[in-house]
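If you want the building blocks of each chain, they are given just below.
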Amino acid sequence: MRTTIDRLSPARALPMQGLLVVAVIWFAGMAALALVIKPSAVVVFGPTDRVIPAIVASDGALLDAGRFHVSARPGAATVGELYAAGAWFVWPVISKGCGRG
């Protein structure tokens, strides 16, 4: 007889490999989207000492800097240039559409 503290059977365990594949597809899709469109604002994950000068050199506006990310209006810099400056991941911020205006 099963009790409430029995572990999940292997057949009902969470599909960790499937979740990992979905996460990789999501992040690759967002990185590709950032390369295809020219977003008006981005969230850049990477070393701030290399990414911030790239944004400032392109007349971008630094909005917020944390330990691992920079929110910015990239100015004339392209997402590819941010990757070349050492960004690990560039997440586009799409401000128009659904949500607050």
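See above for the structure.
First things first, this report covers the structure right here in the doc. (Residues numbered from 1 in each chain as written. Predicted model: local features only at pLDDT ≥ 70, side-chain atom pairs only at ≥ 80, totals over all residues. Heavy atoms only, no water.)

### With respect to the packing of aromatic side chains
In this description, an aromatic ring pair is defined by two values, namely the gap between the centres and the angle between the planes. Rules: Two rings from Phe, Tyr or Trp (for Trp, the six-membered ring) form a pair when their centres are within 6.5 Å of each other. A pair whose planes differ by under 30 degrees is stacked, one over 60 is edge-to-face, and the rest are tilted. For helices the rule is a DSSP run of H or I covering at least 4 residues; for strands it is a run of E covering at least 2, with both sets numbered from the N terminus onward. The cut-offs for exposure are 20% and 50% of the maximum accessible area for each residue type, with area from a 1.4 Å probe on protein chains only; residues under the lower value are buried, those over the upper are exposed, and the others partly exposed.
One pass over the structure, following the stated rule, counts 5 aromatic pairs. Between F27 and F89, the aromatic rings sit 5.4 Å apart at their centres with planes inclined by 70 degrees, giving edge-to-face as the arrangement. Of this pair, F27 sits in helix α1 (residues 16-36) while F89 sits in strand β4 (residues 89-93); the two residues are 62 residues apart in sequence, bridging distant segments of the chain. Overall, F27 belongs to the partly exposed group, its relative accessible area being 43%. Here the aromatic cluster, defined as three or more aromatic residues joined through ring pairs, consists of W26, F27, F45, F89 and W91.

### Regarding α1
Convention followed: One less than the number of residues in a helix, times 1.5 Å, gives the span that helix is expected to have. In this description, the arc belongs to the directions extending from the helix axis to the C-beta atoms. The contact criterion used is simple: two residues touch if any of their non-hydrogen atoms lie within 4.5 Å.
Given a rise of 1.5 Å per residue, 21 residues ought to cover 30 Å, and the 30 Å separating the end C-alpha atoms of α1 matches this to within 8%. For α1, the set of buried residues is M30, A31 and A34. Looking down the long axis of α1, one finds its buried residues gathered within 95 degrees of arc, a one-sided arrangement. Those residues of α1 that are exposed and aimed more than 90 degrees away from the buried face are Q17, V22, I25, L35 and V36. Here the buried face of α1 lies against α3 (79-84) and β4.

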